[in-house]
Amino acid sequence: MKRTLKHPIAVLGLPLDSLTADGAVDAIECLIQSGATHQIATANLDFWLNSLSDRHLHRIIAGCSLVLPDGMPLVWVSKLLGCPLAERVTGVDLVPRLAELSARKGYRLFLLGGKGNVADRAKQLLEERFPGVQIVGTYAPSEEQMEQHDHTEILERIHAAKPEILLVALGNPKQEKWIWMHRKRLGVPVAMGVGGSFEILVGDVWRAPEWIQRCGLEWAMRFVQEPSRLGPRYFRDFLGLGRRLPLTLLAGWMQRPYLGASHVTTVTSPQVMHVYVHGKLSGEIAPGLLATARTSIAGSQVMVLHFSGVRQITAAGLGALMEVRRTLLDAGLTLSLAGLRFKHRFLLHAWCAHPLFDEWESTSAHGRSMAKDLETAGRIDLHGKQDVLSAQTRIRG
(Lines give C-alpha, C1' and ligand atoms only; values in the text may rest on other atoms or scores of the structure.)
Protein backbone atom coordinates (compact mmCIF):
# COMPACT_ATOMS: atom_id res chain seq x y z
CA MET A 1 0.00 0.00 0.00
CA LYS A 2 2.32 2.76 -1.15
CA ARG A 3 1.41 6.38 -1.46
CA THR A 4 3.12 9.65 -2.30
CA LEU A 5 1.08 11.84 0.03
CA LYS A 6 2.44 14.17 2.69
CA HIS A 7 2.97 12.37 5.97
CA PRO A 8 0.10 12.21 8.50
CA ILE A 9 -0.23 13.90 11.90
CA ALA A 10 -0.41 11.74 15.04
CA VAL A 11 -3.55 12.54 17.03
CA LEU A 12 -4.25 10.29 20.02
CA GLY A 13 -2.31 7.47 18.37
CA LEU A 14 -4.08 7.75 15.00
CA PRO A 15 -2.11 8.81 11.88
CA LEU A 16 -4.54 11.37 10.45
CA ASP A 17 -3.99 12.94 7.04
CA SER A 18 -4.42 16.70 6.89
CA LEU A 19 -6.50 17.14 3.74
CA THR A 20 -9.57 19.04 2.63
CA ALA A 21 -12.46 17.05 1.16
CA ASP A 22 -11.34 18.01 -2.35
CA GLY A 23 -7.76 17.09 -1.49
CA ALA A 24 -8.94 13.71 -0.18
CA VAL A 25 -10.69 12.97 -3.49
CA ASP A 26 -7.51 13.90 -5.39
CA ALA A 27 -5.48 11.66 -3.08
CA ILE A 28 -7.89 8.76 -3.59
CA GLU A 29 -7.57 9.14 -7.36
CA CYS A 30 -3.78 9.00 -7.01
CA LEU A 31 -4.16 5.78 -5.01
CA ILE A 32 -6.37 4.29 -7.73
CA GLN A 33 -3.75 5.09 -10.34
CA SER A 34 -0.86 3.73 -8.28
CA GLY A 35 -1.49 0.15 -9.32
CA ALA A 36 -1.45 -1.10 -5.72
CA THR A 37 -4.18 -2.03 -3.23
CA HIS A 38 -5.15 0.54 -0.60
CA GLN A 39 -7.37 0.71 2.45
CA ILE A 40 -8.87 4.02 3.62
CA ALA A 41 -10.39 4.72 7.03
CA THR A 42 -12.52 7.65 8.17
CA ALA A 43 -11.79 7.82 11.89
CA ASN A 44 -13.85 9.42 14.62
CA LEU A 45 -13.76 9.40 18.41
CA ASP A 46 -15.41 5.98 18.56
CA PHE A 47 -12.74 4.55 16.21
CA TRP A 48 -10.07 5.91 18.52
CA LEU A 49 -11.59 4.51 21.69
CA ASN A 50 -12.12 1.11 20.06
CA SER A 51 -8.47 1.08 18.99
CA LEU A 52 -7.29 1.64 22.58
CA SER A 53 -8.82 -1.66 23.67
CA ASP A 54 -8.16 -3.54 20.42
CA ARG A 55 -4.49 -3.57 19.38
CA HIS A 56 -5.32 -5.41 16.15
CA LEU A 57 -7.73 -2.62 15.13
CA HIS A 58 -5.14 0.02 16.11
CA ARG A 59 -2.56 -1.58 13.84
CA ILE A 60 -5.07 -1.90 11.01
CA ILE A 61 -5.81 1.83 11.15
CA ALA A 62 -2.09 2.61 11.38
CA GLY A 63 -1.56 0.47 8.28
CA CYS A 64 -4.14 2.24 6.12
CA SER A 65 -2.94 4.24 3.15
CA LEU A 66 -5.19 7.12 4.14
CA VAL A 67 -6.83 7.94 7.48
CA LEU A 68 -9.21 10.90 7.42
CA PRO A 69 -10.60 12.75 10.48
CA ASP A 70 -14.36 12.05 10.57
CA GLY A 71 -14.88 13.62 13.98
CA MET A 72 -14.51 17.25 15.11
CA PRO A 73 -12.99 16.26 18.50
CA LEU A 74 -9.97 14.85 16.63
CA VAL A 75 -9.61 18.13 14.73
CA TRP A 76 -9.83 20.08 18.00
CA VAL A 77 -7.18 17.89 19.66
CA SER A 78 -4.84 18.40 16.68
CA LYS A 79 -5.08 22.16 17.25
CA LEU A 80 -4.29 21.75 20.95
CA LEU A 81 -1.21 19.71 19.98
CA GLY A 82 0.02 22.53 17.74
CA CYS A 83 -0.41 20.67 14.43
CA PRO A 84 -3.94 21.51 13.24
CA LEU A 85 -5.60 19.29 10.66
CA ALA A 86 -6.97 21.01 7.55
CA GLU A 87 -10.60 20.11 8.22
CA ARG A 88 -13.02 17.35 9.11
CA VAL A 89 -13.57 14.95 6.20
CA THR A 90 -16.47 12.55 6.67
CA GLY A 91 -17.38 9.38 4.84
CA VAL A 92 -20.85 10.70 4.04
CA ASP A 93 -19.27 13.74 2.36
CA LEU A 94 -16.84 11.61 0.37
CA VAL A 95 -19.40 9.18 -1.09
CA PRO A 96 -21.14 11.76 -3.35
CA ARG A 97 -17.78 13.32 -4.23
CA LEU A 98 -16.50 9.92 -5.35
CA ALA A 99 -19.70 9.42 -7.32
CA GLU A 100 -19.04 12.74 -9.06
CA LEU A 101 -15.46 11.60 -9.75
CA SER A 102 -16.84 8.37 -11.21
CA ALA A 103 -19.18 10.33 -13.49
CA ARG A 104 -16.26 12.42 -14.75
CA LYS A 105 -13.53 9.79 -14.98
CA GLY A 106 -15.42 6.50 -15.36
CA TYR A 107 -14.14 4.87 -12.14
CA ARG A 108 -16.40 1.98 -11.10
CA LEU A 109 -17.97 1.89 -7.62
CA PHE A 110 -19.33 -1.03 -5.59
CA LEU A 111 -21.55 -0.44 -2.55
CA LEU A 112 -21.24 -3.17 0.09
CA GLY A 113 -23.28 -3.28 3.28
CA GLY A 114 -26.01 -1.11 4.72
CA LYS A 115 -29.33 -2.19 6.19
CA GLY A 116 -31.95 -3.87 4.02
CA ASN A 117 -32.11 -2.33 0.56
CA VAL A 118 -30.38 0.90 1.53
CA ALA A 119 -27.41 0.24 -0.79
CA ASP A 120 -29.77 -0.14 -3.77
CA ARG A 121 -31.54 3.07 -2.81
CA ALA A 122 -28.22 4.86 -2.45
CA LYS A 123 -27.25 3.63 -5.92
CA GLN A 124 -30.47 4.98 -7.40
CA LEU A 125 -30.03 8.33 -5.64
CA LEU A 126 -26.43 8.75 -6.80
CA GLU A 127 -27.34 7.79 -10.37
CA GLU A 128 -30.05 10.46 -10.39
CA ARG A 129 -27.78 13.10 -8.87
CA PHE A 130 -24.67 12.30 -10.93
CA PRO A 131 -25.61 11.16 -14.44
CA GLY A 132 -22.96 8.84 -15.83
CA VAL A 133 -21.80 7.52 -12.46
CA GLN A 134 -20.53 3.93 -12.75
CA ILE A 135 -22.02 1.95 -9.84
CA VAL A 136 -21.36 -1.62 -10.95
CA GLY A 137 -22.81 -3.48 -7.99
CA THR A 138 -24.46 -3.41 -4.58
CA TYR A 139 -24.75 -6.13 -1.96
CA ALA A 140 -25.96 -6.23 1.63
CA PRO A 141 -24.71 -9.42 3.30
CA SER A 142 -26.71 -10.77 6.22
CA GLU A 143 -25.38 -11.03 9.75
CA GLU A 144 -25.14 -14.79 9.30
CA GLN A 145 -22.97 -14.36 6.19
CA MET A 146 -20.63 -11.95 7.96
CA GLU A 147 -20.25 -14.30 10.92
CA GLN A 148 -19.09 -17.11 8.64
CA HIS A 149 -15.39 -17.52 8.00
CA ASP A 150 -15.95 -18.13 4.31
CA HIS A 151 -16.87 -14.92 2.46
CA THR A 152 -16.33 -16.38 -0.99
CA GLU A 153 -19.74 -15.33 -2.30
CA ILE A 154 -19.14 -11.70 -1.37
CA LEU A 155 -15.68 -11.72 -2.92
CA GLU A 156 -16.98 -13.35 -6.11
CA ARG A 157 -19.57 -10.60 -6.53
CA ILE A 158 -16.86 -7.96 -6.16
CA HIS A 159 -14.48 -9.74 -8.55
CA ALA A 160 -17.22 -10.04 -11.18
CA ALA A 161 -18.01 -6.31 -10.96
CA LYS A 162 -14.31 -5.24 -11.12
CA PRO A 163 -14.71 -1.91 -9.28
CA GLU A 164 -11.92 0.62 -8.70
CA ILE A 165 -13.54 1.82 -5.46
CA LEU A 166 -15.24 -0.42 -2.88
CA LEU A 167 -17.36 1.40 -0.28
CA VAL A 168 -17.96 -0.82 2.76
CA ALA A 169 -20.79 0.15 5.14
CA LEU A 170 -20.55 -2.47 7.89
CA GLY A 171 -19.72 -0.17 10.82
CA ASN A 172 -16.56 0.05 12.87
CA PRO A 173 -14.63 -2.08 13.67
CA LYS A 174 -16.26 -4.76 11.50
CA GLN A 175 -15.70 -2.96 8.19
CA GLU A 176 -12.05 -2.14 8.87
CA LYS A 177 -11.27 -5.70 9.94
CA TRP A 178 -13.16 -7.17 6.99
CA ILE A 179 -11.27 -5.04 4.46
CA TRP A 180 -7.93 -5.82 6.11
CA MET A 181 -8.66 -9.56 6.23
CA HIS A 182 -9.49 -9.69 2.52
CA ARG A 183 -7.28 -6.86 1.21
CA LYS A 184 -5.07 -9.20 -0.83
CA ARG A 185 -8.04 -11.09 -2.30
CA LEU A 186 -10.30 -8.15 -3.13
CA GLY A 187 -8.43 -7.07 -6.25
CA VAL A 188 -9.77 -3.52 -5.74
CA PRO A 189 -7.42 -0.50 -5.89
CA VAL A 190 -9.25 1.39 -3.08
CA ALA A 191 -11.48 0.00 -0.32
CA MET A 192 -12.95 2.45 2.20
CA GLY A 193 -15.14 2.00 5.25
CA VAL A 194 -18.05 4.46 5.25
CA GLY A 195 -20.12 3.36 8.26
CA GLY A 196 -23.71 4.63 8.13
CA SER A 197 -23.17 6.90 5.11
CA PHE A 198 -25.73 5.11 2.92
CA GLU A 199 -28.52 5.60 5.50
CA ILE A 200 -27.74 9.32 5.73
CA LEU A 201 -27.58 9.74 1.96
CA VAL A 202 -31.03 8.23 1.39
CA GLY A 203 -32.58 10.16 4.27
CA ASP A 204 -33.21 7.31 6.72
CA VAL A 205 -31.10 9.31 9.16
CA TRP A 206 -31.36 13.09 9.09
CA ARG A 207 -28.16 15.03 8.89
CA ALA A 208 -27.57 18.25 10.81
CA PRO A 209 -27.45 21.57 8.92
CA GLU A 210 -24.01 22.76 7.84
CA TRP A 211 -23.78 25.40 10.57
CA ILE A 212 -24.29 22.71 13.21
CA GLN A 213 -21.66 20.55 11.50
CA ARG A 214 -19.18 23.46 11.54
CA CYS A 215 -19.78 23.91 15.27
CA GLY A 216 -18.96 20.26 15.84
CA LEU A 217 -22.43 19.46 17.20
CA GLU A 218 -23.64 17.01 14.54
CA TRP A 219 -23.44 14.25 17.14
CA ALA A 220 -26.21 15.98 19.12
CA MET A 221 -28.67 15.68 16.22
CA ARG A 222 -27.74 12.04 15.75
CA PHE A 223 -28.33 11.48 19.46
CA VAL A 224 -31.82 13.02 19.27
CA GLN A 225 -32.73 10.59 16.47
CA GLU A 226 -31.25 7.44 18.07
CA PRO A 227 -30.87 8.09 21.81
CA SER A 228 -31.03 4.47 22.95
CA ARG A 229 -28.31 3.31 20.51
CA LEU A 230 -26.03 6.34 20.45
CA GLY A 231 -26.46 7.60 24.04
CA PRO A 232 -24.23 4.94 25.69
CA ARG A 233 -21.72 5.19 22.83
CA TYR A 234 -21.37 8.97 23.05
CA PHE A 235 -21.13 8.84 26.84
CA ARG A 236 -18.33 6.26 26.59
CA ASP A 237 -16.51 8.25 23.88
CA PHE A 238 -16.55 11.59 25.69
CA LEU A 239 -15.70 9.96 29.02
CA GLY A 240 -12.72 8.26 27.35
CA LEU A 241 -11.56 11.53 25.81
CA GLY A 242 -11.98 13.36 29.11
CA ARG A 243 -9.78 10.80 30.84
CA ARG A 244 -7.00 10.72 28.22
CA LEU A 245 -6.85 14.30 26.96
CA PRO A 246 -5.26 15.89 30.10
CA LEU A 247 -2.39 13.38 29.97
CA THR A 248 -2.00 13.94 26.23
CA LEU A 249 -1.71 17.71 26.65
CA LEU A 250 0.54 17.39 29.71
CA ALA A 251 3.02 15.26 27.80
CA GLY A 252 3.19 17.85 25.03
CA TRP A 253 3.52 20.83 27.37
CA MET A 254 6.26 19.12 29.43
CA GLN A 255 8.61 19.22 26.45
CA ARG A 256 11.06 22.07 26.21
CA PRO A 257 10.86 23.84 22.85
CA TYR A 258 13.91 23.10 20.73
CA LEU A 259 14.89 25.97 18.43
CA GLY A 260 18.15 24.62 17.05
CA ALA A 261 18.79 22.90 13.75
CA SER A 262 17.63 19.30 13.37
CA HIS A 263 19.04 16.62 11.13
CA VAL A 264 19.19 12.87 10.50
CA THR A 265 22.30 10.66 10.24
CA THR A 266 22.55 6.97 9.44
CA VAL A 267 24.87 4.05 10.16
CA THR A 268 24.32 0.83 8.25
CA SER A 269 25.15 -2.81 8.74
CA PRO A 270 24.33 -5.68 6.36
CA GLN A 271 20.87 -6.20 7.89
CA VAL A 272 20.16 -3.04 9.90
CA MET A 273 19.78 0.64 9.04
CA HIS A 274 20.50 2.67 12.20
CA VAL A 275 18.95 6.15 12.02
CA TYR A 276 19.85 8.92 14.48
CA VAL A 277 17.58 11.95 14.87
CA HIS A 278 19.31 15.02 16.28
CA GLY A 279 17.19 17.85 17.65
CA LYS A 280 13.44 17.98 17.00
CA LEU A 281 11.45 15.06 15.60
CA SER A 282 9.06 17.17 13.55
CA GLY A 283 7.50 17.46 10.14
CA GLU A 284 10.56 19.29 8.83
CA ILE A 285 12.72 16.15 8.94
CA ALA A 286 9.98 13.88 7.59
CA PRO A 287 11.37 13.90 4.02
CA GLY A 288 14.73 12.72 5.36
CA LEU A 289 13.12 9.92 7.37
CA LEU A 290 11.03 8.75 4.42
CA ALA A 291 14.04 8.84 2.11
CA THR A 292 15.97 6.75 4.63
CA ALA A 293 13.07 4.28 4.76
CA ARG A 294 13.22 3.88 0.98
CA THR A 295 16.96 3.23 1.21
CA SER A 296 16.31 0.67 3.94
CA ILE A 297 13.75 -1.08 1.74
CA ALA A 298 16.10 -1.09 -1.24
CA GLY A 299 18.73 -2.83 0.89
CA SER A 300 16.21 -5.16 2.62
CA GLN A 301 17.30 -3.77 6.00
CA VAL A 302 15.21 -3.40 9.12
CA MET A 303 15.34 0.11 10.56
CA VAL A 304 16.28 1.18 14.07
CA LEU A 305 15.56 4.81 14.96
CA HIS A 306 17.68 6.12 17.86
CA PHE A 307 16.11 8.68 20.19
CA SER A 308 19.20 9.54 22.23
CA GLY A 309 19.56 12.86 20.39
CA VAL A 310 15.86 13.75 20.24
CA ARG A 311 15.07 16.89 22.23
CA GLN A 312 11.44 17.45 21.24
CA ILE A 313 8.68 15.47 19.49
CA THR A 314 5.76 17.07 17.67
CA ALA A 315 2.51 15.47 16.52
CA ALA A 316 3.67 15.94 12.93
CA GLY A 317 7.00 14.27 13.70
CA LEU A 318 5.32 11.30 15.34
CA GLY A 319 2.96 11.11 12.37
CA ALA A 320 5.96 10.96 10.05
CA LEU A 321 7.37 8.15 12.17
CA MET A 322 4.09 6.26 11.82
CA GLU A 323 4.32 6.72 8.06
CA VAL A 324 7.86 5.31 8.04
CA ARG A 325 6.64 2.34 10.07
CA ARG A 326 3.78 1.69 7.63
CA THR A 327 6.06 2.00 4.61
CA LEU A 328 8.53 -0.51 6.04
CA LEU A 329 5.81 -2.98 7.05
CA ASP A 330 4.37 -2.85 3.54
CA ALA A 331 7.78 -4.04 2.34
CA GLY A 332 7.92 -6.82 4.94
CA LEU A 333 10.44 -4.98 7.16
CA THR A 334 10.26 -3.56 10.68
CA LEU A 335 10.91 -0.31 12.52
CA SER A 336 12.19 -0.38 16.11
CA LEU A 337 13.08 2.43 18.50
CA ALA A 338 16.26 2.70 20.59
CA GLY A 339 17.74 5.12 23.12
CA LEU A 340 14.38 5.97 24.65
CA ARG A 341 14.44 8.01 27.83
CA PHE A 342 11.58 8.18 30.32
CA LYS A 343 10.24 11.40 28.76
CA HIS A 344 10.08 9.69 25.36
CA ARG A 345 8.28 6.66 26.80
CA PHE A 346 5.88 8.90 28.69
CA LEU A 347 5.01 10.87 25.56
CA LEU A 348 4.46 7.74 23.44
CA HIS A 349 2.22 6.37 26.18
CA ALA A 350 0.30 9.62 26.66
CA TRP A 351 -0.16 10.06 22.92
CA CYS A 352 -1.46 6.45 22.61
CA ALA A 353 1.27 5.47 20.13
CA HIS A 354 3.28 2.97 22.22
CA PRO A 355 1.43 -0.18 21.00
CA LEU A 356 2.64 0.50 17.45
CA PHE A 357 6.37 0.36 18.10
CA ASP A 358 8.94 -2.18 19.30
CA GLU A 359 12.06 -1.25 21.26
CA TRP A 360 15.46 -2.38 20.00
CA GLU A 361 18.00 -3.97 22.31
CA SER A 362 21.40 -4.94 21.00
CA THR A 363 23.64 -7.48 22.69
CA SER A 364 26.32 -4.77 22.81
CA ALA A 365 24.32 -3.15 25.60
CA HIS A 366 25.32 -6.07 27.82
CA GLY A 367 29.03 -5.70 27.23
CA ARG A 368 29.23 -8.16 24.34
CA SER A 369 30.14 -7.48 20.75
CA MET A 370 27.24 -6.81 18.44
CA ALA A 371 26.29 -9.68 16.16
CA LYS A 372 23.58 -9.03 13.64
CA ASP A 373 21.97 -12.38 14.21
CA LEU A 374 21.71 -11.80 17.98
CA GLU A 375 20.09 -8.37 17.99
CA THR A 376 16.66 -8.43 19.63
CA ALA A 377 13.63 -6.22 20.08
CA GLY A 378 10.86 -5.92 22.65
CA ARG A 379 7.58 -4.11 23.22
CA ILE A 380 7.94 -0.59 24.64
CA ASP A 381 6.88 -0.14 28.24
CA LEU A 382 6.58 3.18 30.06
CA HIS A 383 9.06 2.08 32.70
CA GLY A 384 11.49 0.41 30.32
CA LYS A 385 10.45 -3.19 30.97
CA GLN A 386 10.57 -5.28 27.82
CA ASP A 387 8.96 -8.39 26.46
CA VAL A 388 11.86 -9.61 24.35
CA LEU A 389 11.12 -10.89 20.86
CA SER A 390 13.39 -12.13 18.15
CA ALA A 391 14.04 -9.47 15.52
CA GLN A 392 13.50 -12.12 12.88
CA THR A 393 10.18 -13.39 14.25
CA ARG A 394 8.28 -10.23 15.16
CA ILE A 395 4.74 -10.26 13.80
CA ARG A 396 4.02 -7.80 11.03
CA GLY A 397 1.01 -5.54 11.60
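Residues numbered from 1 in each chain as written. Predicted model: local features only at pLDDT ≥ 70, side-chain atom pairs only at ≥ 80, totals over all residues. Heavy atoms only, no water.

*Asks:* Could you give me a rundown of the pairing of strand E10 (residues 272-281), with the residues and numbers involved?
*Replies:* Burial runs high along E10: 7 of the 10 residues are buried. Where strand E9 (residues 263-268) hands over to E10, the hairpin turn is made up of 3 residues, counted between the paired strands. For E10 and strand E11 (residues 302-306), the ladder comprises 5 bridges, and the chain directions are parallel. The partner of Val272 across the bridge, within E11, is Val302. Across 3 bridges, E10 lies against strand E12 (residues 310-313) in parallel orientation. Bridging from a neighbouring strand, Leu281 pairs with Ile313 of E12. (Buried < 20%, exposed > 50% of the residue type's maximum accessible area, 1.4 Å probe, protein only. Helix = DSSP H or I, 4+ residues; strand = E, 2+ residues; numbered from the N terminus. Pairing = 2+ DSSP bridges.)

*Asks:* Describe the pairing of strand E4 (residues 66-69), listing the residues and the values that go with them.
*Replies:* Going residue by residue along E4, you find Leu66 and Leu68 tucked away on one face and Val67 and Pro69 tucked away on the opposite face as well. Pairing geometry for strand E3 (residues 38-43) and E4, over 4 bridges, is parallel. Counterpart to Thr42 in the pairing with E4 is Leu68.

*Asks:* Let's hear about the sheet that holds E3: which residues, and what values?
*Replies:* Taken together, 6 strands build an open sheet; the order of strands is E4-E3-E8-E7-E5-E6 and the sheet is parallel. Pairing within the sheet leaves two strands with one partner each, and these edge strands are E4 and strand E6 (134-139). Taking the axes of each pair of neighbouring strands and ignoring which way they run, one obtains an average angle of 20° across the sheet. Two strands pair when backbone bridges link them, and strand E7 (residues 165-169) and strand E8 (residues 190-193) are joined in this way by 4 bridges, in the parallel orientation. Along E8, the bridge assignment pairs Leu167 with Met192. (Axes fitted to C-alpha atoms, helices over the stretch in contact; angles between N-to-C directions.)

*Asks:* How would you summarise unusual backbone geometry if you had to cite specific residues and measurements?
*Replies:* Cis rather than trans, the peptide bond between Asn172 and Pro173 has omega equal to 5°. Note on placement: Pro173 falls in the loop between E7 and helix H9 (174-186). Residue Lys162 is not a glycine yet carries a positive backbone phi of 55°. With respect to the helices, strands and loops of the structure, Lys162 is situated in the loop between helix H8 (152-161) and E7. Its relative accessible area of 59% is what places Lys162 among the exposed residues. Residues other than glycine seldom take positive phi values, yet Ser300 does so here, at roughly 55°. Along the chain, the position of Ser300 falls in the loop between helix H14 (286-298) and E11. Since its relative accessible area comes to 54%, Ser300 is described here as exposed.

*Asks:* Hey, could you go over the pattern of salt bridges for me, with residue numbers and the actual values?
*Replies:* Scanning all chains against the criterion turns up 16 salt bridges. Between Arg104 and Glu100 there is a salt bridge, with its nearest N and O atoms 2.7 Å apart. Placement of the pair is Arg104 and Glu100 together in helix H5 (residues 91-105), with a separation of 4 residues, close to one helical turn. Judged by its relative accessible area of 31%, Glu100 falls in the partly exposed class. (Salt bridge = Lys/Arg side-chain N within 4 Å of Asp/Glu carboxyl O.)

*Asks:* Any chance you could break down the packing of aromatic side chains for me, citing the residues and the numbers?
*Replies:* The description of an aromatic ring pair rests on the distance of the ring centres and on the angle between the ring planes. Under the definition given, this model contains 1 aromatic pair. An angle of 10° between the planes, with centres 6.3 Å apart, marks the rings of Phe342 and Phe346 as stacked. Highlighted residues: Phe342 and Phe346, both in helix H16 (residues 342-350), separated by 4 residues, approximately one helical turn. Residue classification places Phe346 among the buried residues on the basis of a relative accessible area of 14%. (Phe/Tyr/Trp six-rings, centres within 6.5 Å; stacked < 30°, edge-to-face > 60°.)

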